Each structure stands twice: as C-alpha cells, then as structure tokens.
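A look at the structure
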Amino acid sequence: MADIRLVNVSKHFGQVRVIENVSMTIGSGEFMVFLGPSGCGKSTLLRMIAGLEDIDGGEIHIGDRRVDELPPAERGVAMVFQNYALYPHMTVRENMSFGLQNIRTPKQEIAKRVAAAAKTLELEHLIDRKPGQLSGGQRQRVAIGRAIVRDPKAFLFDEPLSNLDAGLRARTRIEFAQLHQRLKTTMIFVTHDQIEAMTLADRIVVMNNRKIEQIGTPMEIYSRPASRFVAAFVGSPS
Ligand code: ADP
Ligand code: MG
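Residues numbered from 1 in each chain as written. Chains lettered and ligands numbered in written order. Predicted model: local features only at pLDDT ≥ 70, side-chain atom pairs only at ≥ 80, totals over all residues.

Some remarks on the overall build of the protein
Operational definition: Helix numbering and strand numbering both begin at the N terminus, where a helix is a DSSP run of H or I of at least 4 residues and a strand a DSSP run of E of at least 2. Values of the radius of gyration come from C-alpha atoms, whereas the globule rule sets the reference at 2.2 Å times the count of residues to the power 0.38. Every C-beta atom is placed from the backbone, and the number of other C-beta atoms within 10 Å of a residue's own sets its class: buried at 20 or more, exposed at 12 or fewer, partly exposed in between. We call two residues in contact if the C-beta atoms placed from their backbones are at most 7 Å apart.
Tallying secondary structure elements over the protein gives eight helices and 10 strands in all. Compactness check: the protein gives a C-alpha radius of gyration of 18 Å against a globular reference of 18 Å for 238 residues, within 12% of the reference. Along the three orthogonal principal directions, the C-alpha set of the protein runs to about 55 × 40 × 30 Å. A burial count over the protein gives 37% of its 238 residues as buried. Of all intrachain contacts in the protein linking residues separated by at least 6 positions in sequence, the fraction that spans at least 24 positions is 66%.

Structure (structure tokens):
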C-alpha cells in the first residue's frame, strides 16, 4: 500500500496536448475515482501511472520512489484492463499463476497466493475452467485475481464495468466496494459514469479537456461544484 503523487504531469501525442500540468496526491489506501467525459485524458493519465505511456514533463512518485523512468513491472502497481486480456487456452488457475511464474516465484508461494485470491473473489469453484466457460462478470474477477496475486501497492482500473450489462454492473459495483474494504489497498478507478464515482469514491478527480476541474469527496463535488462543468456533469442542483 502506497500513496501516488503526480507533479505537473504533461503529455502530448504529436501536436495534440492530452494532459496539461496535472498535479494530485492519491492517499495510501484511498479509493480514488477519475471521472470525466470520453476523450478527456483519463486513460492516458492512468497508463502514465502504470508506465504504459511515457510522460513528457513532470514527476510521478509511488510511495517514496520516483517511478516515471521505471518500466511498468518495477512500479509495483497492477492495471486491470477493460477487455480483461485473459489467455483463452489457460484455466483460471493458470491465468492467475502465469505472471508470477514469469518473475520466478516459488511454486508453493504461487499456489498459496492463487488460492487466497480465488477465495477473496469467490472463484474457487471455477478454478479449473477456461475463460470461454465463464460469464463476463466471472472473467472480470479472474482479471482482478491476476492483479491481486502480485500483491501490488495499488490497483488501477480503467472503466472495469463498462463492458457489463446494467444489472450486472450494479452488482459488480458493490463487489468493488467490498474488494477495497477487504484489501484496503490504494485504488484508482476510471469511469465516465457519475453514479459509479459517487458510490465508490473516497475522493473524485473530475477531469475535463486535459485538466483537473475539481478534486474532492463525492459530497463536496456534489454540493459545492467548483465550475459549471462539474455541476452539469455530476448533476448538482444549481
Ligand atoms: P479518456 O480515457 O478520458 O476517454 P484518453 O486518455 O483515452 O481519454 O484520450 C485522451 C485524448 O488523447 C483523446 O483525444 C484521444 O483521442 C487521444 N489519444 C489517446 N491515445 C492516443 C494515442 N496513442 N495517439 C494519439 N492520440 C491519442
Ligand atoms: Mg478511456
């Protein structure tokens, strides 16, 4: 568990500026939601924290280490992708074990961690199935399990609920809240859905057009929106 600190982070693709001088601190153990409309730069910001995109300017710190020059595997964070990216020919157990085998974790330790993650995510009865034999929600839990076994300092989720149908989305939202209560690890959760943000977040970063509009608790954002954009986006009375 660690805090994540961004200092004046910027990014452009070619001539297009995508993130402009963004600074924020995500507290250790905090559930932080990045909320904003499509195209505002949420995924890019998350990918920069994970190390999947270089930054053009600024600094990123995780815990007491500056990480913006480090490769993804050395940053100690785990990203869960929207499309889950599971290996179709491997079982649930193998999907969860694979990343640990790559970093030469002892077999017994892998088995222990996979068993613990399967228990946490209620996947024990599905452990020998392949992704094709699972529902969308179950596949997503496997993707999260693959992150949990790495025992990361933080979890990064990019729109994890957007591929699910409405009913499952509501149920899975609750599972995310429970997961955070159980693990108490720092989590960043990206969404364009204000209800998800309001119900899950300790604090919300409202983004629009490359920049941060406001950072605050759901209550602060809702009752004291810092701009017309925020008021309109979260539906505050004003
Ligand atoms: P969000 O996740 O909030 O929808 P993104 O971070 O995906 O937004 O994208 C922000 C902006 O950057 C968009 O205008 C998008 O088209 C652009 N963008 C994202 N990735 C790339 C890329 N690899 N090359 C060029 N432009 C990109
Ligand atoms: Mg995105």
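What follows continues from the structure just given.
Some points on the site of ligand 1
Going by this rule: All residues are tested the same way: a C-beta atom is placed from the backbone, and lying within 6 Å of a molecule or strand makes the residue near it. Just so you know the grouping, Ala, Val, Leu, Ile, Met, Phe, Trp, Tyr, Cys and Pro go in nonpolar, Asp, Glu, Lys and Arg go in charged, and all remaining residues, Gly too, go in polar.
Near ligand 1, the surroundings consist of Phe13, Val18, Gly36, Ser38, Gly39, Cys40, Gly41, Lys42, Ser43 and Thr44. Here the shell around ligand 1 takes three residues from helix α1 (residues 42-50), the largest share from any one element. Tallied by class, the residues present in the shell around ligand 1 amount to three nonpolar, six polar and one charged.

Details of the UniProt feature "domain: ABC transporter" (unreviewed entry) in the protein
Rules: UniProt positions are given in the numbering used here, feature names are shortened, and annotations may be inferred rather than shown by experiment.
When the UniProt feature table is mapped onto this chain, "domain: ABC transporter" (unreviewed entry) is found at residues 4-234. Structurally, residues 4-234 comprises 37% helix and 26% strand, and the distance from its first C-alpha atom to its last is 25 Å.

Here we look at helix α3 (residues 107-120)
Using the following cut-off: Take the number of residues in a helix, subtract one, and multiply by 1.5 Å to get its expected span. The directions from the helix axis to the C-beta atoms are what the arc is built from.
Taking 1.5 Å of rise per residue, 14 residues should cover 20 Å, and α3 covers 20 Å from first to last C-alpha, within 8% of that figure. Residues of α3 that are buried include every one of Val114, Ala117 and Ala118, and no others. Buried residues of α3 fall within an arc of 100° about the axis and therefore sit on the same side. Exposed side of α3, more than 90 degrees from the buried face: Gln108, Glu109 and Lys119 are the residues found there. The inward-facing, buried residues of α3 abut α2 (92-102) and α4 (136-148). With its phi angle positive at about 55°, Glu122 sits one or two positions after the end of α3.

Observations regarding the pairing of strand β3 (residues 31-35)
The test is simple: Any two strands are treated as partners once DSSP identifies two or more bridges connecting them.
With five of five residues buried, β3 lies mostly within the body of the structure. Alternating residues of β3 divide into Phe31, Val33 and Leu35 and Met32 and Phe34, and every residue in both groups is buried. Summarising the sheet, β3 and strand β8 (residues 186-191) pair through five bridges and their orientation is parallel. Looking at β8, one finds that Val33 is bridged to Phe189. Examined bridge by bridge, β3 and strand β9 (residues 203-208) share four bridges and lie parallel to one another. Along β9, the bridge assignment pairs Phe34 with Val205.

Regarding the pairing of strand β4 (residues 57-62)
Taken together, the five bridges between strand β1 (residues 4-13) and β4 define a ladder with antiparallel strand orientation. Opposite Arg5, over in β4, you have His61 as the bridge partner. Pairing between β4 and strand β5 (residues 65-66): two bridges, direction antiparallel. In the sheet register, Ile62 faces β5, and the bridge partner there is Arg65. From the end of β4 to the start of β5, which pair antiparallel, there are two residues, and Gly63 there has a positive phi angle of about 60°.

Observations regarding the sheet that holds β4
Sheet architecture is open: four strands sit in the order β2-β1-β4-β5, paired in antiparallel fashion. Two strands lie at the open edges of the sheet, namely β2 (16-26) and β5, each paired on one side alone.

Observations concerning the sheet that holds β3
As a reminder of what qualifies: For helices, the fitted axis covers only the stretch in contact; all axes are lines through C-alpha atoms, and the angles between them, taken along N-to-C directions, range from 0 to 180 degrees.
With mixed pairing, six strands are arranged side by side in an open sheet as β6-β7-β8-β3-β9-β10. With one partner strand each, in any of the chains shown, β6 (77-80) and β10 (211-216) form the two edges of the open sheet. Averaged over all pairs of adjacent strands, the angle between strand axes in this sheet comes to 15°, irrespective of strand direction. Contacts from α1 reach β3, β6, β7 (154-158), β8 and β9, with the element oriented near 150° to β7.

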